[in-house]
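An overview of the molecular structure
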Amino acid sequence: MQGPDFDLDFNPAHGEAVTVADGVQRITVNNPGPFTFHGTNTYIVGRRSVAVIDPGPEDDAHFRALMAALDGREVTHIAVSHTHRDHSPLARRLKAATGAMIVAEGPHRAARPLHAGETNPFAESSDMDFAPDIALPEGGRVDGDGWSLTAVMTPGHTANHAVFALGGTGILFSADHVMAWATSIVAPPDGAMADYMASLEKLLQRDDRLYLPGHGGPVTEPGSFLRALRAHRKMRERSVLERIRSGDRKIPDMVKVIYASTDPRLHGAAALSVLAHLEDLVEQGRVETDGPPSLFGDYRLVPGGAG
């Protein structure tokens, strides 16, 4: 399946403050993995007094590197894109050290309630203790010394995912919604495919020139990359429909074919992505199952509805 032109060329420079734009520095946490690529990116915005975006996990070495990069500068705001443990927990220690206000969409929550007997496979990855000092609505803005950040709500990866636009620059801190190195994980019940696709459409209506994501390097042509991501998700949806049309009824059977070339360590996440597509297809009336969609359900095409 032809997807976006992913860029895997990225030097994380763990623990070092790297200038990535005028008045913007990036420090990458040394927490590489199949879901984090080379690590989580923390950004420092501003010069004399600054904002920190996505301080990262509770990690001593990263905290020391971040404080060294701040070099005594005032931190007025700590902006958090979403509440996965590789992005938000260090906000509490950074607030205690600097007195900055934590801003985000809100606490962690799932995109939908758990079904009877269902467990949340990403529960351990979620920062359930997170609570912002300021809950930003769509278009909510915080201002600092020569900079401003405006929140754009982009649910999908998580229900409370937000990205931040740096005023007057065309730069968008795209967190885990759009990344140059891979597609975002959309895993129910934390995430929802319909929300994710709607958020892609929202960003397509903007004219940002550069995305600085939560993992990996920058997205330098956001418009074309977003269109490729949208097409990729639509192709995945068609692949799910084709597997059902070919006789597959269970998600694991679909994953074996659709994700045959994917790292087996990611097949669990792939199953959740297929579930996210199936939830959306059931909602559209194109696929049916007995009871709520689940990882263990049997799926069938709705006659005349698969399109």
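Below you will find a few notes about this structure. The model shown is predicted, which means the values in this text are computed figures rather than measured ones.

1. Examining the pairing of strand β8 (residues 141-144)
- Note that β8 and strand β9 (residues 147-153) share four bridges and pair antiparallel. Each residue of the ladder has a partner; that of G144, found in β9, is W147.
- The turn linking β8 back onto β9 is made up of two residues, and G146 within it adopts a positive phi angle of 85°.

2. Notes on the sheet that holds strand β12 (residues 210-213)
- One open sheet holds the five strands; their spatial order is β8-β9-β10-β11-β12, and the pairing between them is mixed. The sheet is open, and its two edges are formed by β8 and β12, each paired on a single side. When the angles between neighbouring strand axes are averaged without regard to direction, this sheet yields 25°.
- Relative to β12, strand β11 (residues 171-175) runs parallel, the two being bridged by four bridges. In the sheet register, F173 faces β12, and the bridge partner there is L212.
- Against the sheet, helix α3 (residues 193-204) contacts β9, β10 (162-166), β11 and β12, and its axis sits at roughly 140° relative to β9.

3. Points about the sheet that holds strand β2 (residues 24-28)
- The strand order across the open sheet built from seven strands is β1-β2-β3-β4-β5-β6-β7, with neighbouring strands paired in mixed fashion. In the strand order of this sheet, the two ends are held by β1 (18-21) and β7 (134-135), each with one partner.
- Bridge analysis of strand β5 (residues 74-79) against strand β6 (residues 101-104) gives three bridges, and the strand direction is parallel. Its bridge partner being in β6, H77 is matched across the sheet by M101.
- Along the sheet face, helix α1 (residues 60-70) touches β2, β3 (41-46), β4 (49-53) and β5 and points at about 160° away from the line of β2.
- Across the sheet, helix α2 (residues 90-98) is in contact with β4, β5 and β6; its angle to β5 comes to roughly 160°.

4. Quick word on the packing of aromatic side chains
- Considering all chains together, one arrives at four aromatic pairs under this definition.
- Ring centres of Y43 and F173 lie 5.2 Å apart, and the angle between their planes is 55°; this geometry places the pair in the tilted category. Of this pair, Y43 sits in strand β3 while F173 sits in strand β11, and the two are 130 residues apart along the sequence. Take Y43 and F173: they sit in the same class, and that class is buried.
- Put simply, the rings of F10, F37 and W181 touch in pairs and so form one group of aromatic residues.
- For the cation-ring pair, R233 lies above Y196, with the distance from its terminal atom to the ring centre recorded as 4.8 Å.
- One Lys or Arg, R236, reaches over the ring of Y259 and ends 4.3 Å from the middle of that ring.

Analysis parameters
Residues numbered from 1 in each chain as written. Predicted model: local features only at pLDDT ≥ 70, side-chain atom pairs only at ≥ 80, totals over all residues. Heavy atoms only, no water. Pairing = 2+ DSSP bridges. Helix = DSSP H or I, 4+ residues; strand = E, 2+ residues; numbered from the N terminus. Axes fitted to C-alpha atoms, helices over the stretch in contact; angles between N-to-C directions. Contact = heavy atoms within 4.5 Å. Phe/Tyr/Trp six-rings, centres within 6.5 Å; stacked < 30°, edge-to-face > 60°. Buried < 20%, exposed > 50% of the residue type's maximum accessible area, 1.4 Å probe, protein only. Lys NZ or Arg CZ within 6 Å of the ring centre and 35° of its normal.

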